[in-house]
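# Inside the fold
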Amino acid sequence: MAHLRLDSSLRHDGSVSRELTAAVERAWRAADPGVEVVHRDLGADPVPHATWQLAAVAGFLPAAQRTPAMRAAVAAATRCADELAGADAVVLGAPLYNFGVPTAVKSWIDLLSTDPRFDPRTMVEGGPLRGRPVVLAVARGGGYGPGTPRAGWDHATPYLRRIFADLFGAEVTVVAAEYTAAGTDPALAALRPLAERSRADALALAGAVGARALPRTRTPG
Ligand SMILES: Cc1cc2nc3c(=O)[nH]c(=O)nc-3n(C[C@H](O)[C@H](O)[C@H](O)COP(=O)(O)O)c2cc1C
């Protein structure tokens with residue numbers, strides 16, 4: 001089985017979430033040089049909103065009544081679900097956009113949820129990713145810790161935890177770098193030391209959790 005790396009940042013140069021997912025991938029490869037890593041770049045190649053709509057509507061129709069576009073959308077959902085269901089370990093890079101998840105991540109999860117394996121009504125008890133390591137590599141322009149003015153405004157991380165841990169049953173670790181906007185916004189220059197510390201801590205954690213993500217087939221016991 002392969003490991004799955006997902007990215008969703010709009011940018012490549014300077015992307016902190018991609019730096020974190022790359023650190024996890026490096027740790028995977030260092031722990032197991034023969035590991036196969038599938039890379040799905042949702043930022044560069046997002047699931048079109050219409051694909052999810054077509055797959056969702058197809059679910060209400062008998063197979064014979066589905067249009068060719070619906071059948072293609074269902075096939076795309078199956079591929080998406082095969083990829084995730086077949087992953088031993090997963091890292092998902094998710095920037096905070098407009099206080100939520102990137103639409104590329106939302107449309108991927110929505111499409112996935114049209115497949116019976118990832119549909120809450122039909123998935124196996126304990127979830128389709130039960131016990132599997134999933135790293136959520138989050139980058140936020142600002143700071144959302146306790147006591148900050150916008151504590152509780154990050155609606156992406158709790159949502160992703162809900163989906164991957166509570167629904168899919170994965171063992172989730174959140175690796176988060178905050179204040180990333182301080183690197184580019186002169187008005188936030190005073191926050192740069194804080195941003196650097198947050199990034200360094202996140203990179204260290206990414207390496208550590210990546211190194212622990214042994215394939216289930218090779219985990220003792
Ligand atoms: C369209 C857009 C919306 C954003 N919205 C937020 C936001 O709501 N809160 C925040 O803290 N940062 C926000 N940011 C900043 C990003 O979270 C930050 O730049 C992060 O590092 C992006 O991830 P990346 O470094 O992997 O590209 C936004 C950035 C963009 C481009």
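Residues numbered from 1 in each chain as written. Predicted model: local features only at pLDDT ≥ 70, side-chain atom pairs only at ≥ 80, totals over all residues. Heavy atoms only, no water.

The subject of this paragraph is the overall build of the protein. Counting its secondary structure elements, the protein contains six helices and five strands. Ordered by position in the sequence, the α and β elements of the protein form the string β-α-β-α-α-β-α-β-α-β-α. For 221 residues, the compact-globule estimate of 2.2 N^0.38 gives 17 Å, and the C-alpha radius of gyration of the protein, at 18 Å, lies within 12% of that figure. For the C-alpha atoms alone, the extent of the protein along its principal axes is close to 60 × 40 × 30 Å. Evaluated residue by residue, the protein yields a buried proportion of 44% over its 221 residues. For the protein, the accessible surface area stands at approximately 11000 Å², while carbon and sulfur atoms represent 58% of it. Both charge centroids of the protein, one from 24 positive and one from 22 negative side chains, sit 2 Å from each other. (Helix = DSSP H or I, 4+ residues; strand = E, 2+ residues; numbered from the N terminus. Rg over C-alpha atoms; globule rule 2.2 N^0.38 Å. Buried < 20%, exposed > 50% of the residue type's maximum accessible area, 1.4 Å probe, protein only. Areas by Shrake-Rupley, 256 points an atom, 1.4 Å probe, with all protein chains shown as cover. Lys, Arg positive; Asp, Glu negative; His and termini not counted. Charge placed at Lys NZ, Arg CZ, Asp CG, Glu CD.)

We now examine the site of the ligand. In the vicinity of the ligand lie 17 residues, with Ser9, Ser15, Ser17, Tyr144 and Thr180 positioned nearest. The backbone of Ala139 places a nitrogen or oxygen atom 3.5 Å from an oxygen atom of the ligand. Interatomic distance of 2.8 Å between a backbone N/O atom of Gly142 and an oxygen atom of the ligand. Protein coverage of the free-state accessible area of the ligand, which is 630 Å², stands at 75%. Its residues placed into classes, the shell around the ligand shows seven nonpolar, eight polar and two charged. (Near = heavy atom within 4 Å. Polar contact = N/O pair within 3.5 Å; in protein donor to acceptor, adjacent residues only side chain to side chain. Nonpolar A, V, L, I, M, F, W, Y, C, P; charged D, E, K, R; others polar.)

Attention now goes to the sheet that holds strand 3 (residues 87–95). Taken together, five strands build an open sheet; the order of strands is 2-1-3-4-5 and the sheet is parallel. At either end of the open sheet lies a strand with only one pairing partner, and these are strand 2 (37–41) and strand 5 (171–177). Across the sheet, the mean angle from the axis of one strand to that of its neighbour is 15°, orientation sign disregarded. With five bridges connecting them, strand 1 (residues 2–7) and strand 2 associate as parallel partners. (Pairing = 2+ DSSP bridges. Axes fitted to C-alpha atoms, helices over the stretch in contact; angles between N-to-C directions.)

Attention shifts here to helix 1 (residues 16–31). A rise of 1.5 Å per residue sets the reference length of helix 1, with its 16 residues, at 22 Å; its end C-alpha atoms lie 23 Å apart and thus fit the reference within 8%. Considered for burial, the residues of helix 1 that qualify are Val16, Ser17, Arg18, Leu20, Thr21, Ala23, Val24, Glu25, Ala27 and Trp28. Where the residues of helix 1 are buried, they touch strand 1, strand 2, strand 3, strand 4 (133–139), strand 5 and helix 6 (192–212). (Expected span 1.5 Å × (residues − 1). Contact = heavy atoms within 4.5 Å.)

This brings us to the nonpolar core. Leu84, Trp108, Leu136, Leu160, Phe164 and Phe168 are the most contacted members of the largest nonpolar core, which totals 38 residues. Of all elements in the fold, only strand 1, helix 3 (68–85), strand 3, helix 4 (103–112), strand 4, helix 5 (156–167) and strand 5 reach the threshold of two or more residues within this core. Dropping the residues within four chain positions of it, Leu160 is found in contact with Leu92, Ala94, Val101, Val105, Ile109, Leu136 and Ala165. Ranked by size, the runner-up nonpolar core spans 18 residues in total, among them Val16, Ala23, Val24 and Trp28. (Core = buried A, V, L, I, M, F, W, Y, C linked by side-chain atoms within 4.5 Å.)

Here we take up the pairing of strand 1. In terms of burial, strand 1 is a largely internal element, six of the six residues being buried. A two-sided burial pattern is seen for strand 1, the buried positions comprising Ala2, Leu4 and Leu6 on one face and His3, Arg5 and Asp7 on the other. The sheet contact formed by strand 1 and strand 3 spans five bridges and is parallel. Note on strand 3: the bridge partner recorded for His3 is Ala89.

Now for the packing of helix 1 against helix 6. Between helix 1 and helix 6, whose axes approach to 7 Å, the crossing angle comes to 30°. Seen from above, helix 1 lies across helix 6 with right-handed handedness. Contacts between helix 1 and helix 6 pair Glu19, Leu20, Ala23, Val24, Ala27, Trp28 and Ala31 from the former with Arg199, Ala202, Leu203, Ala206, Gly207, Gly210 and Ala211 from the latter. In the contact of helix 1 with helix 6, the residues fall into 10 nonpolar, two polar and two charged. (Left-handed = near helix turned anticlockwise from the far one by under 90°.)

Further remarks concern the environment of Ala200. Its location among the elements puts Ala200 in helix 6. The class of Ala200 is partly exposed, set by a relative accessible area of 43%. Sequence spacing of Ala200 and Ala177 is 23 residues, and the spatial spacing of their C-alpha atoms is 8.2 Å.

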